[in-house]
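Listed below, chain by chain, are the residues.
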Amino acid sequence: MTALGALIRRDIRIALRIGGGALIGVLFFLTVVVLMPFAVGPDLALLTRLGPAILWLGALLSSLLTLDRLFTADHEDGSLDLIVMSRTPLELACAAKALAHWLAAGLPLVIATPVLGLLLNLDATATGAVALTLLAGTPALTFIGMIGAALAVTMHRGGLLLAVLVLPLSIPVLIFGVAASQAAIVGPLPFGAPFSILCALSLVSFVIGPFAAATSLRNGLD
Amino acid sequence: MSLIDLANPTRFLALTARLLPWLALVTVVLLAAGLYLSALAPDDYQQGATVKIMFIHVPNAWLSMFVWGIMSIASLGTLVWRHPLADVAAKAAAPIGASFTFLALLTGSLWGRPMWGTYWEWDARLTSVLILFLMYLGLMALWRSVEDPTRAARAAAVLTLVGAINLPIIKFSVDWWNTLHQPASVMRMGGPALDKSFLIPLLVMAIGFSFLFITLHVAAMRNEILRRRVRSLQMLQARAYTTSAPAGDATGRVVGAA
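Quantities reported herein were computed from a predicted structural model and do not represent experimental measurements. (Residues numbered from 1 in each chain as written. Chains lettered and ligands numbered in written order. Predicted model: local features only at pLDDT ≥ 70, side-chain atom pairs only at ≥ 80, totals over all residues. Heavy atoms only, no water.)

Peer 1: What should I look at first to understand the overall build of chain A in this one?
Peer 2: Looking only at helices and strands, one finds 10 helices and zero strands in chain A. Reading chain A from its N end, one meets helices and strands in the order α-α-α-α-α-α-α-α-α-α. For chain A, the spread of C-alpha atoms along the principal axes amounts to about 55 × 35 × 30 Å. Across the 222 residues of chain A, 50% fall into the buried class. (Helix = DSSP H or I, 4+ residues; strand = E, 2+ residues; numbered from the N terminus. Buried < 20%, exposed > 50% of the residue type's maximum accessible area, 1.4 Å probe, protein only.)

Structure (structure tokens):
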């Protein structure tokens, strides 16, 4: 347990100090949201309607952007080999790393959502709903993305492939995240049903992600 | 690769060399019979002759999912039992499955135009099959981006098993979401809802397409095994040159290499 705690603390510290993970993700999120009015026109009513979808797409893309860092840096400096060889089960170590990555790169996206909702003319309820769905859904994006990151770390030029492999798997999360936010804003469907499915997707990814990532790391690194 | 590992593919090659012509024959007979029966099938009272697209479309759609299922079982074989033929089977199946998926999408879209008035609709079944197609392509890209086949096999196996989650989503998408695509009418509780005049040609075509898959799959597996042999021979040759190079004479000619 202390080993896992130390791993989480170390990963968060690296992400914050090197300045890559947390802030660049939020900056990219902001850029995607800012680009939208240029693409669809500065029509506030339309932006309100598209708001949850734009925020979810932005969060999805920026979490994809930072996923590359999940294992690559550790692979380059050799600490990934030490983690694989250590007595801590690799599945738990992967889960700890993903948790740290979510705290450093996913949670800031959720925190930034209210500000970005303001830019898209979302009211308080809508912003709250989107932030809540992101809070429930971004862990799933991280834990599913970890599988792709583990596959990509063992090959050269894996970055582009990572996006191709991970995006199809994250579509259900996107569907139910946006569906829950829309339900809270315009109805008529209740918020609870899609939100529960979103939570279920996160829980399933907590189980599948670490095992699949650990398997591909073990196979890729030997 | 040890001799014992090689023994199995060799027996596989010998067996399939005898089996393959018969498989091809059965495929041709079944598909010919299926097409004949499809042509004889009556027109639908609502859809007219376009209903016959079904006899091509539905087998392709079934096989697109069936092939991923086969690949998932083969992936278990790769990860759990390290069977030398399992990853060959998984790799050979991917492009065939992608083709079936593409044909299912294409024929579905051609059928959709006269029936629904549109080539494409963002409906649950259509979208989930499109995702399946994208996953096939991603998997093929993964196979190509890792050089060592055994390592590529295990990476692809993980992805295949994770992607298998999509299969039940596709199967039940028409039941869970009330959408444009018609609900299941053959494999459902309480027996097929389809009339016999349509069901028999459809089943013959489905079996014919399954045999087509088996034939193509076996042929592709043979090619893959032979391709790997060529690769390992090339590696052996390269190794022989590099290890004996210092022993070569001043002109760089390798001693003992005739």
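Peer 1: What's the story with the overall build of chain B in this structure? I'm lost.
Peer 2: Within chain B one finds seven helices and zero strands. Along its sequence from the N terminus, chain B presents helices and strands in the succession α-α-α-α-α-α-α. In chain B, which comprises 258 residues, the proportion classed as buried is 43%. Taking the intrachain contacts of chain B between residues at least 6 apart in sequence as the baseline, contacts between residues at least 24 apart amount to 76%. Surface accessibility of chain B: about 14,100 Å² in total, with carbon and sulfur atoms responsible for 69%. (Contact = heavy atoms within 4.5 Å. Areas by Shrake-Rupley, 256 points an atom, 1.4 Å probe, with all protein chains shown as cover.)

Peer 1: How do you make sense of the interface of chain B and chain A when you look at a structure like this?
Peer 2: Taken together, the 20 residues of chain B in the interface contact 18 residues of chain A. Of the roughly 1,600 Å² buried between chain B and chain A on both sides combined, carbon and sulfur atoms contribute 78%. Among the residues of chain B in contact with chain A, Arg151(B), Val158(B) and Val162(B) are the three that bury the most area, contributing 30% of the side total. The interface formed by chain B and chain A holds zero salt bridges in total. Elements with a contribution of two residues or more to the side of chain B that touches chain A: helix H4 (124–145) and helix H5 (149–163) of chain B. (Buried area = accessible area lost by both parts, 1.4 Å probe. Salt bridge = Lys/Arg side-chain N within 4 Å of Asp/Glu carboxyl O.)

Peer 1: Help me understand the UniProt feature "transmembrane region" (unreviewed entry) in chain A in this model?
Peer 2: Residues and elements named next belong to chain A. As recorded in UniProt, the feature "transmembrane region" (unreviewed entry) lies at residues 21–41, 53–71, 92–120, 126–153, 160–185 and 191–214. Across residues 126–153 one finds 100% helix and 0% strand; the C-alpha atoms that close the span lie 38 Å apart. Across residues 191–214 one finds 96% helix and 0% strand; the C-alpha atoms that close the span lie 35 Å apart. (UniProt positions renumbered as here; feature names shortened; annotations may be inferred.)

Peer 1: Please clarify how the side chain of Ser63(A) should be interpreted in this entry.
Peer 2: Residue placement: Ser63(A) occurs in helix H3 (residues 44–67). Those residues in contact with Ser63(A) that sit more than four places away from it in its chain are Leu109(A) and Leu141(A).

Peer 1: How do you make sense of the packing of helix H2 (residues 54–81) of chain B against helix H3 (residues 84–116) of chain B when you look at a structure like this?
Peer 2: The description of two packed helices rests on the angle between their axes and on the distance between the axes. Residues and elements named next belong to chain B. Running from N to C, H2 and H3 cross one another at 155°; their axes reach a closest spacing of 8 Å. It follows from the interaxial angle that H2 and H3 lie roughly antiparallel. Between H2 and H3 lies a crossing of left-handed hand. Taken together, the residues of the contact of H2 with H3 break down into 16 nonpolar, nine polar and one charged. (Axes fitted to C-alpha atoms, helices over the stretch in contact; angles between N-to-C directions. Parallel < 35°, antiparallel > 145°, perpendicular 65-115°, else oblique. Left-handed = near helix turned anticlockwise from the far one by under 90°. Nonpolar A, V, L, I, M, F, W, Y, C, P; charged D, E, K, R; others polar.)

Peer 1: Honestly, the nonpolar core in this entry has me stumped. Any pointers?
Peer 2: Ranked by internal contacts, the top residues of the largest apolar core, which has 88 residues, are Leu55(A), Trp68(B), Met71(B), Leu132(B) and Leu142(B). A per-element tally of this core places H3(B) first, with 12 residues. Leu4(A), Ile8(A), Ala93(A) and Ala96(A) belong to the second largest nonpolar core, which has 27 residues in total. (Core = buried A, V, L, I, M, F, W, Y, C linked by side-chain atoms within 4.5 Å.)

Peer 1: Got a minute to help me understand unusual backbone geometry in this structure?
Peer 2: A negative phi angle is the norm for most residues apart from glycine, just as the trans form is the norm for most peptide bonds. In this model, Asn121(A) sits at a positive phi of 65°, which is unusual for a non-glycine residue. Structurally, Asn121(A) is set in the loop between helix H6 (90–119) and helix H7 (124–153). Residue Asn121(A) is classed as partly exposed on the basis of its relative accessible area of 37%. Backbone geometry places Arg82(B), a non-glycine residue, at a positive phi of 50°. When you line up the elements, Arg82(B) lands in the loop between H2 and H3.

Peer 1: Whenever I open this one, H6(A) confuses me. Can you help?
Peer 2: Residues spaced three or four apart along an α-helix point in a common direction, a consequence of the helix completing one turn every 3.6 residues. All names here are of chain A. Look at H6: 42 Å from first C-alpha to last across 30 residues, which is about the 44 Å you get at 1.5 Å a residue. Threonine 113 marks the point of greatest bend in H6, at about 40°, and the proline proline 114 comes within the next four residues. Once H6 finishes, asparagine 121 follows within two positions and takes phi at roughly 65°, a positive value. (Expected span 1.5 Å × (residues − 1). Bend = angle between axes of the 7 residues up to and from the residue.)

Peer 1: How should the side chain of Thr138(A) be read in this particular structure?
Peer 2: Residues and elements named next belong to chain A. Among the structural elements, threonine 138 can be located in helix H7. By relative accessible area, threonine 138 is classed as buried at 2%. Setting aside anything within four residues of it in sequence, one finds threonine 138 in contact with Trp102 and Val110.

Peer 1: Is there a simple way to explain the UniProt feature "transmembrane region" (unreviewed entry) in chain B in this structure?
Peer 2: Residue and element names in this part refer to chain B. The positions that UniProt labels "transmembrane region" (unreviewed entry) are, in the present scheme, residues 20–41, 61–81, 93–112, 124–143, 155–178 and 198–221. Spanning residues 20–41, this segment combines 95% helix with 0% strand, and its end C-alpha atoms are found 31 Å apart. Secondary structure across residues 124–143 divides into 100% helix and 0% strand, with the first and last C-alpha atoms of the span separated by 29 Å.

Peer 1: Sorry, what's going on with the packing of aromatic side chains here?
Peer 2: Centre-to-centre distance and the angle between the planes together describe a pair of aromatic rings. Residue and element names in this part refer to chain B. Throughout the structure, instances matching the rule amount to six aromatic pairs over all chains. Relative to phenylalanine 133, the ring of phenylalanine 102 has its centre 5.9 Å away and its plane inclined at 35°; by these criteria the two rings are tilted. In this pair, phenylalanine 102 sits in helix H3 while phenylalanine 133 sits in helix H4, placing the two residues 31 residues apart along the sequence. (Phe/Tyr/Trp six-rings, centres within 6.5 Å; stacked < 30°, edge-to-face > 60°.)

Peer 1: Is there a simple way to think about the environment of Thr27(B) in this case?
Peer 2: Residue and element names in this part refer to chain B. Within the element layout of this structure, threonine 27 appears in helix H1 (residues 3–40). Threonine 27 gets classed as buried once you look at its relative accessible area, which sits at 5%. As for threonine 27 and phenylalanine 211, which are separated by 184 residues in sequence, their C-alpha atoms are 5.3 Å apart.

Peer 1: How should the confidence of the model for chain B be read in this particular structure?
Peer 2: A low pLDDT means the predicted coordinates there should not be read in detail. Residue and element names in this part refer to chain B. Averaged over every residue, the pLDDT of chain B is 80; the share at 70 or more is 81%. Mean pLDDT values for the elements of chain B range from 71 in helix H6 (residues 166–176) up to 89 in H2. For residues 248–258, every residue scores under 50 in pLDDT, and the model assigns this stretch seven contacts once sequence neighbours within four places are set aside. (pLDDT = per-residue confidence, 0-100.)

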